[in-house]
Amino acid sequence: MATHAYYVPPVNLMGRGCLQEAGQVIEQMGIRKALVVSDRQLITSGVAEQVLSILRKSGLDYVVYDEVQPNPTCQNVHDGLQVFQDHGCDAIISIGGGSPQDAAKGIGIVATNGGHIREYEGFHQSKHKSVPLVAVNTTAGTSSEVTINYVITDEERKVKMVMVDRNSLVSLSVNDPELMLSKPASLTAATGMDALTHAVEAMVTPGGFTVTSATAAAAVELIFEYLPRAVRDGSDLEAREHMTYACFLGGIAFNNAGLGYVHAMAHQLGGVYDLPHGVCNAMLLPYVEELNAKHVPGKFRHIAKAIGMDVKGRSDEECSDYVIEAIRQLSKEVGIPEKLSELGVKDPDVELLADNAMKDACAPGNPYQPSKDEVMELFRKII
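Report follows, based on the coordinates.

Quick notes on the rules
- Residues numbered from 1 in each chain as written.
- Predicted model: local features only at pLDDT ≥ 70, side-chain atom pairs only at ≥ 80, totals over all residues.
- Heavy atoms only, no water.
- Core = buried A, V, L, I, M, F, W, Y, C linked by side-chain atoms within 4.5 Å.
- Buried < 20%, exposed > 50% of the residue type's maximum accessible area, 1.4 Å probe, protein only.
- Helix = DSSP H or I, 4+ residues; strand = E, 2+ residues; numbered from the N terminus.
- Contact = heavy atoms within 4.5 Å.
- Patch = residues over 30% accessible without salt bridge, like charges linked within 9 Å, V, L, I, M, F, W, Y side chains within 5 Å.
- Areas by Shrake-Rupley, 256 points an atom, 1.4 Å probe, with all protein chains shown as cover.
- Salt bridge = Lys/Arg side-chain N within 4 Å of Asp/Glu carboxyl O.

Observations regarding the nonpolar core
So, step 1. Counting residues in each nonpolar core, the largest one holds 85 residues, and the members touching the most others are Leu-196, Val-220, Met-265, Leu-269 and Ile-303.
So, step 2. Considering every element that reaches this core, the biggest residue donor is helix H7 (residues 210-232), with 11 residues.
So, step 3. In this view, Val-220 contacts Leu-196, Ala-199, Val-200, Met-203, Ile-303, Ala-306 and Ile-307; residues no more than four positions away in its chain are not counted.
So, step 4. Listed in part, the 27 residues of the second largest apolar core include Val-63, Ala-103, Ile-152 and Met-163.

Okay, here's the thing in structure tokens:
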């Protein structure tokens, strides 16, 4: 039988109120001075202050870099690195969703390995482990806080660079649903559908195995039950808490199984148009899986069961049809746009988007390798 490497952060705090425990754990890490990586919105909204107050109570010295963009850039990484070096920091604490988490990983890798962030595109390009990283999560979807993946936009090439690097794994993740109560419905929907995409792709990819399939299926079940509730009522703490578990479960699933063409294509939309990653994933997911289902319909039986279908006596094709329609209905229920043209995507860019998607690090994880014409057709179906 095949052997598998399984990556997950050594310590993960989860559940309502777990932020209060983070200070003690961080103290035990022996950090002298931390670079706090976040964005302006989280600073001005007061969400970041909830974390900073815990750091102050713990007596930890820190400096803040809050210029991270929604799709973090090379400039963000190197500007943050400059602050890290200028202030003599020895660790990084990120506060936010995938954007601050990814920027923090990039800063940490360059801090210990040198050079430019572009040098680390692809698989395991660094030689040395990042400086200690603490990821305080404020959204339920991206899972960057628990994965060895991070994505940085190269502004010059207009490409999202995917880095898969065991040296970027954080030392501590903090997933407190109380930090997510203020998130608007649109962001809740986008990040939740991102989590669903992680879980579905992890179950369809050939890189999956028993453990990843089990955690991904648990994530799917939770998302279909609790995401609509979290979108309808952002103060529903039970729904928020279960979405943090879904995010964690889907994250550790794809972290060890891989992703596919949904992410490969979504990255290009983010790189060229600076669009929200979760929204792009949600719009692409049923179309890509519709194509995958023609080639590996058996992969969808476990997903259908997780959603709630009685699969006994059902064909693989019936199961895949059920899954794809359920995804479409969930996207509609939580308010995901139907057409990429609504977001400014234009047909003349389709060839560039397809070319870049086929080069993306997530593409090889797809169970079926489409031709360039098929990828272009997928984009056009959604425009």
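Re the side chain of His-198
So, step 1. On the secondary structure map, His-198 appears in helix H6 (residues 185-204).
So, step 2. Leaving out residues up to four positions away in the same chain, His-198 has contacts with Gly-141, Thr-142, Ser-143, Gly-250, Phe-254, Leu-259 and His-263.

Comments concerning the side chain of Thr-191
So, step 1. Here Thr-191 is to be found in helix H6.
So, step 2. According to the relative accessible area criterion, Thr-191 is buried, its value standing at 10%.
So, step 3. Setting aside residues up to four positions removed in sequence, Thr-191 forms contacts with Thr-139, Ala-140 and Gly-141.

Points about unusual backbone geometry
So, step 1. One non-glycine residue, Lys-158, lies in the positive phi region at around 55 degrees.
So, step 2. Mapped onto the elements, Lys-158 comes out in the loop between strand E7 (149-154) and strand E8 (159-164).
So, step 3. Even without being a glycine, Asp-274 presents a positive backbone phi close to 60 degrees.
So, step 4. Its location among the elements puts Asp-274 in the loop between helix H9 (261-273) and helix H10 (277-293).

Brief notes about a nonpolar patch on the surface
So, step 1. Together, Tyr-6, Val-8 and Val-211 give the surface a local cluster of nonpolar side chains, amounting to about 210 Å² of exposed area.
So, step 2. Tracing the chain through its elements places Tyr-6 in the segment before strand E1 (11-14).
So, step 3. Among the residues examined, Tyr-6 registers a relative accessible area of 33% and is labelled partly exposed.

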